[in-house]
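Given next are the chains, with one letter for each unit.
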Amino acid sequence: MDTCSSVFLFSFLLFAIIIVIVFNKINGLRSSSASKKKIIDHVNTNSHGLVFPQGSLGWPVIGETIEFISSAYSDHPESFMDKRRLMYGKVFKSHIFGTATIVSTDAEVNKIVLQSDPTAFVPFYPKTVRELMGKSSILLINGSLHRRFHGLVGSFLKSPLLKAQVVKDMHKYLSESMDQWSEDQPVLLQDISKTVAFKVLAKALISVEKGEELDELKKEFEQFIKGLMSLPVNFPGTQLHRSLQAKKKMVKQVEKIIDGKVRRTKNKEEDDVIAKDVVDVLLKDSSESLTHNLIANNMVDMMIPGHDSVPVLITLAVKFLSDSPSALHFLTDENMELKRLKELTGEPLYWNDYLSLPFTQKAIKSLNTNYHQVITETLRMGNVIIGVMRKAMKDVEVKGYVIPKGWCFLAYLRSVHLDKLYYESPYKFNPWRWQERDMSTSSFSPFGGGQRLCPGLDLARLEASIFLHHLVTRFRWTTEEDTIINFPTVHMKNKTDNMMECRDKKESHVSEGFKEWLEWPLEFVGYVETDSASWTCVLI
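Predicted model only: the values in this text are computed from it and were never measured. (Residues numbered from 1 in each chain as written. Predicted model: local features only at pLDDT ≥ 70, side-chain atom pairs only at ≥ 80, totals over all residues. Heavy atoms only, no water.)

So, about the pairing of strand S4 (residues 387–392). Bridging between strand S3 (residues 121–123) and S4 involves 3 bridges; their strand directions are antiparallel. Across the sheet, Pro123 pairs through a bridge with Arg390, a residue of S4. Bridging between S4 and strand S7 (residues 408–412) involves 5 bridges; their strand directions are antiparallel. Each residue of the ladder has a partner; that of Gly387, found in S7, is Tyr412. (Pairing = 2+ DSSP bridges. Helix = DSSP H or I, 4+ residues; strand = E, 2+ residues; numbered from the N terminus.)

Time to look at the packing of aromatic side chains. Geometrically, a pair of aromatic rings is defined through the distance of the ring centres and the angle of the planes. Scanning the model with the defined rule gives 10 aromatic pairs in all. Plain terms: the ring middles of Phe68 and Phe97 are 5.7 Å apart, the flat faces sit at 85° to each other, and that makes the pair edge-to-face. Of this pair, Phe68 sits in helix H3 (residues 65–72) while Phe97 sits in the loop between strand S1 (91–96) and strand S2 (99–104), and the two are 29 residues apart along the sequence. An aromatic cluster is defined as three or more aromatic residues linked by ring pairs; in this entry it consists of Phe68, Phe80 and Phe97. Its guanidinium or amino end placed over the ring of Tyr423, Arg380 lies 5.0 Å from that ring's centre, counting from NZ or CZ. (Phe/Tyr/Trp six-rings, centres within 6.5 Å; stacked < 30°, edge-to-face > 60°. Lys NZ or Arg CZ within 6 Å of the ring centre and 35° of its normal.)

Moving on, we come to the nonpolar core. Counting 94 residues, the largest nonpolar core has Phe149, Ile206, Leu282 and Met299 as its most contacted members. Top element by residues in this core is helix H9 (residues 189–206). It accounts for 11 residues. For Leu282, the residues in contact, after removing those within four places along its chain, are Phe149, Leu152, Val153, Leu290, Ile295 and Met299. Membership of the second largest hydrophobic core comes to 17 residues, among which are Val113, Ala120, Trp407 and Ala411. (Core = buried A, V, L, I, M, F, W, Y, C linked by side-chain atoms within 4.5 Å. Buried < 20%, exposed > 50% of the residue type's maximum accessible area, 1.4 Å probe, protein only. Contact = heavy atoms within 4.5 Å.)

Here the focus is empty space enclosed by the protein. For the coordinates displayed, the defined rule picks out 3 cavities of 30 Å³ or more. Of the volumes computed, that of the largest cavity is approximately 110 Å³. Every residue lining the largest cavity is counted, 15 residues in all, and those nearest its centre are Ser116, Pro118, Phe121, Gln451 and Arg452. When contributions to the lining of the largest cavity are tallied by element, the ones reaching two or more residues are helix H5 (107–114), S3 and helix H7 (143–157). If one sorts the elements of the lining of the largest cavity by residue count, S3 sits on top with 3 residues. Taken together, the residues of the lining of the largest cavity break down into 7 nonpolar, 5 polar and 3 charged. (1 Å grid on protein atoms, 1.4 Å probe; cavity = no way out; pocket = protein on both sides within 12 Å on 5 of 7 lines; lining within 4 Å. Points joined across faces, edges and corners; volume = space filled by probe spheres on them. Nonpolar A, V, L, I, M, F, W, Y, C, P; charged D, E, K, R; others polar.)

As a packed pair, helix H8 (residues 160–178) and H9 sit with axes 10 Å apart at the nearest point and diverge in direction by 145°. Here H8 and H9 pass one another in a crossing that is right-handed. Taken together, the residues of H9 that come into contact with H8 (itself represented by Leu162, Gln165, Val166, Asp169, Met170, Tyr173, Leu174 and Ser177) are Ile192, Val196, Lys199, Val200, Lys203 and Ala204. Classifying every residue of the contact of H8 with H9 by side-chain character gives 9 nonpolar, 2 polar and 3 charged. (Axes fitted to C-alpha atoms, helices over the stretch in contact; angles between N-to-C directions. Left-handed = near helix turned anticlockwise from the far one by under 90°.)

So, about the sheet that holds S1. On the basis of which strands lie adjacent, the open sheet formed by 5 strands has the order S1-S2-S7-S4-S3 and mixed pairing. The sheet terminates laterally at S1 and S3, the two strands that pair on one side only. When the angles between neighbouring strand axes are averaged without regard to direction, this sheet yields 35°. Across 4 bridges, the pairing between S2 and S7 is parallel. Across the sheet, Ile102 pairs through a bridge with Phe409, a residue of S7.

Now for H5. Listed in full, the buried residues belonging to H5 are Ala107, Val109, Asn110, Val113 and Leu114. For H5, the buried positions fall inside an angular range of 165° around the axis, keeping them on one side. Two or three places before Glu108, at the start of H5, stands the capping residue Asp106, its side-chain oxygen 2.9 Å from that residue's backbone nitrogen. (Arc of directions from axis to C-beta. Polar contact = N/O pair within 3.5 Å; in protein donor to acceptor, adjacent residues only side chain to side chain.)

Take the environment of Glu222 next. Along the polypeptide, Glu222 turns up in helix H10 (residues 211–226). Take Glu222: its relative accessible area is 29%, and that puts it in the partly exposed class. Considered as a pair, Glu222 and His307 are 85 residues apart in the sequence and their alpha carbons are 8.7 Å apart.

So, on to unusual backbone geometry. Look at Lys399: it is not a glycine, yet its phi comes out positive at around 50°. Within the element layout of this structure, Lys399 appears in the loop between strand S5 (396–398) and strand S6 (401–403). Notably, Ser425 is not glycine yet its phi reads approximately 50°, a positive angle. Among the secondary structure elements, Ser425 is positioned in the loop between helix H19 (413–417) and helix H20 (457–474).

Now the structure itself:
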């Protein structure tokens, strides 16, 4: 856990304890009967065959938040949900993060809610996130503006032009980085993936590629992102205030880039036919609602996946592969075969080689099927997005349950992805389970769903595929035992910084899964590690 997260948790728990003491002295151990009466009245008004979810609202004000956080920090973060599922069923009521909440671990209920229109449910985020994003964020806006913005951005992020650019850029950035790895220098894999993913996304969004402009953008973004887990207190000296100031600087920087694009287009200095980035796409739209300020603010918000989601997906994929020698061996063989095939034909790797689109030739399509399997299984087990929150705009009935107006709804995706009802041996990393499995079912929704399905999901898969290809075709590694913590962000439990002993092909203390690789030509030994686990890598 980083310092910011530790301070946040300590401050929250201290605040919670004080609140409990005050309420105990004034109102007793439980909440007043007024709130309970409100719920009872609500149940009575919706008693015509419908069910108000059972559950507990916990302590006054803090509800069940402390137990939720405690479980989230454990090796079994879904234990909070599992306990209540046994008592109340897959859909139950709770009170977490200051809000009365209906929690769902039911795949069908989640699907229905996430696909609902804005008249029934709207996005809901903690107060700090809402302040940082602003009212015009794509995460918060609804209706025709959201559909227009989401559609334009999604189409570009899925375009062959951008995918070709991403392949080229990833190859460049990864080669530059991996060429610097040496036997006496530890490399933080998650940091490397964060740097690469941010560069890729900055270029895709606003065509910022290198130099002081990129460095300044990344510096301010690091300050901005810290505020997402800060206390909702905004005055000079607080993290939220610093993050808001950082975002203002970033928005001004992006607005300058937008103004420059508009000026060059008017002066015929820039081709206005082919969109090179997301800003170009949005500027070509005739809608007056897409102001320069709205575009700039959303470009900043859309950089968040480059800092969190994609790097975590990559890190977890390597972690799970390290714990599954057979899967790693199989993936490595396929990647080495693909690499040899491309070297024989003299062709570069294309984006469709990684994603195995229908028009890809049969041999390559067969090889790359396992990119989908490994990454899909990583998304299922790793749960980069643990859950999605909505707010009910009216009383809504879903599968016989009543979700009251004004209540928060939490679709807890992790419980569904680890439910033995849907997945045999759900805690086992098994990429082969996806060979014949349909990924479009309601039991698999790693990127959310409905109209707000993440527009960059294909891009995330592509970046992870490229990273894995470069890693497994150049390196092999052994890893220490470690566990994953899922709150406030996904990270490894132990904060060790061990330098693993270099090994060469004459050593025999290598796991069976790696022994046959020892005959491959070695050039040097280097080290790779996440922010906790250390891996010894051998360049091939």
